Amino acid sequence: MRTLREYEAVARERLDPVHYDYFAGGAGDEVTLRANEASLARLALLPRILRGGARRELGVTLLGTGASMPVLVAPTAFHRLAAPDGERATVRAVAAADTIMIVSMAATVAVEDIAAEAPDAKLWFQLYVQPDLAFTEAIVRRAEAAGCRALVVTVDSPALGRRERDGRNGFHDLPDGLYCENLRIGDSPGHVRQIAMSPEISWEHIAWLRDVTELPIVLKGVLRAEDARLAAGAGVAGLIVSNHGGRQLDTVPATIDVLPEVVDAAGGLPVLMDGGIRRGTDVLKALALGASAVAIGRPVVWGLAAEGEQGVKGVLERIRDEVDDALVQCGCASVRDLDRTYVRC
Ligand SMILES: Cc1cc2nc3c(=O)[nH]c(=O)nc-3n(C[C@H](O)[C@H](O)[C@H](O)COP(=O)(O)O)c2cc1C
Ligand SMILES: CC(C)CC(=O)C(=O)O
C-alpha cells in the first residue's frame, strides 16, 4: 500500500461490513464527513523557490511532549474490532514512529495495558467527562497512573451523533468478549452503553477537572472563536479543532475552514486540528493556517485492519514521507517555516 487511501481499500475488504460502516461513517447525510476532505483539497499550496534545506526538520513539541512529526494519532474507539490485539498493536507502531497516541476512553484494551505494551510510548488520554464525577475522577487517576501526559476532553458530544449506518446495521454494542476496558469497575466489564454523552457537561466541569488533576487539559471539538476565547480564559492548555470526523453534528463546517479564526482567538494556546487529513499536503495546509500539529483518526484504523501493527507503521511512515516531500517542494527546511502565505484560500 502506497497511500493512506490504499490502506482504506484493503481494510474495507478485510473488515466485517458492519464494522467498516462504524469506522467509516458519519452523522446524518455525512455532509461534514465529505467536507473535511473536500475543503482541504480545495486549498492550494503556494511554494517558495530557491530555498529550503538538505534535510527537513519535522519534529514538534506539544505541551512539553516531543513528537518526531506533526501528525498524532487521534482517539478512536474499539481497535480490537479491527485487529485481534487492537490498541496493543497500535501503541507499538506509534512508539516506533515516535509520535503521540491519544488513547480513547472507549479503548478495547485498558490504558494500563496499552502503556505496559510500549513503555516508551507517549500517551495522552481522551475523556468524556461523566456526570458521575467520582467515576470520572477514578478514570483520570488511572490515566495518570498509567503515565498519560495530558487529558484530551472531548466537548463536541453533548449527545451521540446520529450515525444512520449503525442504526441500519443494528450496531449498538461490542460483540461478546470485547469490552471498554477503561470503564471496567472491579470485576464488572465496561460496556459502551455506560459512556454518558451528557448535555449537562459545562465549563464548571472543566474548572472541576483542573482542580482534580495536574495534567494539562486539551479541549477537543472546538469550532468557534468565542469558545476558543473562553477556553483560554478557563486555563486549558490547548485546543483541538475537530468535528469528530463528521460523526457528531452533520453540516458543521470542515475543520480546515474554521481553523484560522480559532487560532486567532486562542490567545497563543497550541491549536491542533483533525478531520480529513489523508496526505502530507493536507498536513502542510493545516500547519500553514496555524495548527501546531494535526491528528489522524480513520487512517490509523485502516492500517490496523489491513496489516495490524505493520499497517499502522505503514500509515505513519507514509504520511511522514509525504510531509517531508511537501516541505521540500514548498522550499521549507522545517515545519516552523510555514505560515499563511503558503496557502491560497
Ligand atoms: C471509528 C472512530 C471512533 C472514534 N472514537 C472517538 C473517541 O472514542 N473519542 C473521541 O474523542 N473521538 C473519537 N473519534 C473522533 C476522532 O478522534 C477524530 O476526531 C476523527 O476521526 C478525525 O477525523 P478523520 O477520521 O477524518 O481523521 C472517533 C472517530 C472514528 C472514525
Ligand atoms: C461512541 C464512542 C464510544 C466512540 C466515538 O466517539 C465515536 O465512535 O465517534
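Residues numbered from 1 in each chain as written. Chains lettered and ligands numbered in written order. Predicted model: local features only at pLDDT ≥ 70, side-chain atom pairs only at ≥ 80, totals over all residues. Heavy atoms only, no water.

Some remarks on the overall build of the protein chain
- In terms of helices and strands, the protein chain carries 12 helices and 12 strands.
- The C-alpha atoms of the protein chain give a radius of gyration of 19 Å, which matches the 20 Å a tight globule of 345 residues would have.
- Its C-alpha atoms give the protein chain principal-axis dimensions of roughly 65 × 45 × 40 Å.
- Placing the 38 positive and 47 negative side-chain charges of the protein chain at their respective mean positions leaves the two points 5 Å apart. (Helix = DSSP H or I, 4+ residues; strand = E, 2+ residues; numbered from the N terminus. Rg over C-alpha atoms; globule rule 2.2 N^0.38 Å. Lys, Arg positive; Asp, Glu negative; His and termini not counted. Charge placed at Lys NZ, Arg CZ, Asp CG, Glu CD.)

Examining the confidence of the model for the protein chain
- On average, residues of the protein chain score 97 in pLDDT, and 100% of them are at 70 or above.
- Under the prediction, the complex receives an ipTM of 0.99, its pTM being 0.98. (pLDDT = per-residue confidence, 0-100.)

So, the side chain of Arg-320
- Position of Arg-320 among the secondary structure elements: in helix α12 (residues 298-330).
- By relative accessible area, Arg-320 is classed as buried at 17%.
- A distance of 2.8 Å separates the side chain of Arg-320 from the side chain of Glu-317, its partner in a polar contact.
- Sequence-distant contacts of Arg-320, that is, excluding residues within four places in its chain, are made with Leu-58, Ser-68, Met-69 and Ala-97. (Buried < 20%, exposed > 50% of the residue type's maximum accessible area, 1.4 Å probe, protein only. Polar contact = N/O pair within 3.5 Å; in protein donor to acceptor, adjacent residues only side chain to side chain. Contact = heavy atoms within 4.5 Å.)

Some points on the UniProt feature "domain: FMN hydroxy acid dehydrogenase" (unreviewed entry) in the protein chain
- Listed under "domain: FMN hydroxy acid dehydrogenase" (unreviewed entry) in the UniProt record, and renumbered for this structure, are residues 1-345.
- End C-alpha atoms of residues 1-345 are separated by 31 Å, and the span's content is 41% helix alongside 13% strand. (UniProt positions renumbered as here; feature names shortened; annotations may be inferred.)

Things to note about the site of ligand 2
- Neighbouring residues of ligand 2: Tyr-22, Ala-77, Ala-106, Tyr-128, Leu-160, Arg-163, Val-192, Met-197, His-244 and Arg-247.
- Interatomic distance of 2.6 Å between a side-chain N/O atom of Tyr-22 and an oxygen atom of ligand 2.
- Contact distances for ligand 2 include 3.0 Å between an oxygen atom and a side-chain N or O atom of Arg-163.
- For ligand 2, whose free accessible area comes to 280 Å², the fraction covered by protein is 88%.
- Counting atoms within 2 Å of the grid points, the majority share of ligand 2 lands in the largest pocket. (Near = heavy atom within 4 Å. Areas by Shrake-Rupley, 256 points an atom, 1.4 Å probe, with all protein chains shown as cover. 1 Å grid on protein atoms, 1.4 Å probe; cavity = no way out; pocket = protein on both sides within 12 Å on 5 of 7 lines; lining within 4 Å. Sits in = over half its atoms within 2 Å of the grid points.)

With respect to the environment of Arg-184
- Within the element layout of this structure, Arg-184 appears in the loop between α7 (164-169) and α8 (203-212).
- In sequence terms Arg-184 and Ala-110 are 74 residues apart; their C-alpha atoms lie 8.6 Å from each other.
- Excluding residues that lie within four positions of it along the chain, Arg-184 makes contacts with Arg-142, Tyr-179, Pro-189 and Gly-190.
- Reaching out from Arg-184, the side chain makes a polar contact with the side chain of Glu-181 at a distance of 2.7 Å.

So, the site of ligand 1
- In the vicinity of ligand 1 lie 22 residues, with Pro-75, Ser-104, Thr-154, Asp-274 and Arg-278 positioned nearest.
- Measuring from a nitrogen atom of ligand 1, one finds a side-chain N or O atom of His-244 at 3.4 Å.
- A distance of 2.7 Å is found between an oxygen atom of ligand 1 and a side-chain nitrogen or oxygen belonging to Arg-278.
- Relative to its unbound accessible area of 600 Å², ligand 1 is 98% covered by the protein chains.
- Because more than half of its atoms lie within 2 Å of the grid, ligand 1 is assigned to the largest pocket.
- Residue composition of the shell around ligand 1, grouped by class: 7 nonpolar, 10 polar and 5 charged. (Nonpolar A, V, L, I, M, F, W, Y, C, P; charged D, E, K, R; others polar.)

What to know about the pairing of strand β6 (residues 122-127)
- Counting buried positions along β6 gives 6 out of 6 residues, so the element sits mostly inside the fold.
- Here β6 shows a buried face lined by Lys-122, Trp-124 and Gln-126 and a second buried face lined by Leu-123, Phe-125 and Leu-127.
- By the bridge criterion, 4 bridges tie strand β5 (residues 100-103) to β6 in an arrangement that is parallel. When the bridges of β6 are listed, Met-101 appears paired with Leu-123.
- Each parallel crossover has a hand, and for β5 linked through helix α5 (residues 111-117) to β6 it is right-handed.
- Where β6 lies against strand β7 (residues 151-154), 3 bridges are found, and the strand directions are parallel. If you follow Gln-126 over to β7, its bridge partner there is Val-152. (Pairing = 2+ DSSP bridges. Right-handed = clockwise from strand over helix to strand, strands pointing away.)

Points about the packing of aromatic side chains
- Applying the stated criterion to the full structure yields 5 aromatic pairs.
- Arranged with centres 5.3 Å apart and planes meeting at 50°, the rings of Tyr-22 and Phe-171 form a pair that is tilted. Taken together, the residues span a long stretch of sequence, with Tyr-22 in helix α2 (residues 17-24) and Phe-171 in the loop between α7 and α8 at a distance of 149 residues.
- With a relative accessible area of 10%, Phe-171 lands in the buried category.
- An aromatic cluster is present here, built from Tyr-20, Tyr-22, Phe-23, Phe-78, Phe-171 and Trp-302 joined pairwise through their rings.
- Geometry around Tyr-179 places Arg-184 over its ring, the cationic atom sitting 5.8 Å from the centre.
- Between Arg-247 and the ring centre of Tyr-22, over which it is positioned, the NZ or CZ distance is 4.8 Å. (Phe/Tyr/Trp six-rings, centres within 6.5 Å; stacked < 30°, edge-to-face > 60°. Lys NZ or Arg CZ within 6 Å of the ring centre and 35° of its normal.)

Focus on the pairing of strand β10 (residues 271-274)
- Side chains Val-271 and Met-273 project from β10 onto one buried face, and the interleaved Leu-272 and Asp-274 project onto a second face that is buried too.
- The pairing of strand β9 (residues 238-241) with β10 spans 3 bridges and is parallel. Bridge assignment links Ile-240 to a residue of β10, and that residue is Leu-272.
- Note that the unit made of β9, helix α10 (residues 255-265) and β10 has a crossover that is right-handed.
- Strand direction decides the pairing type here: β10 and strand β11 (residues 293-296), joined by 3 bridges, are parallel. Considered in β11, the bridge of Leu-272 is made with Ala-293.
- With helix α11 (residues 280-288) bridging β10 and its parallel neighbour β11, the resulting β-α-β unit is right-handed.

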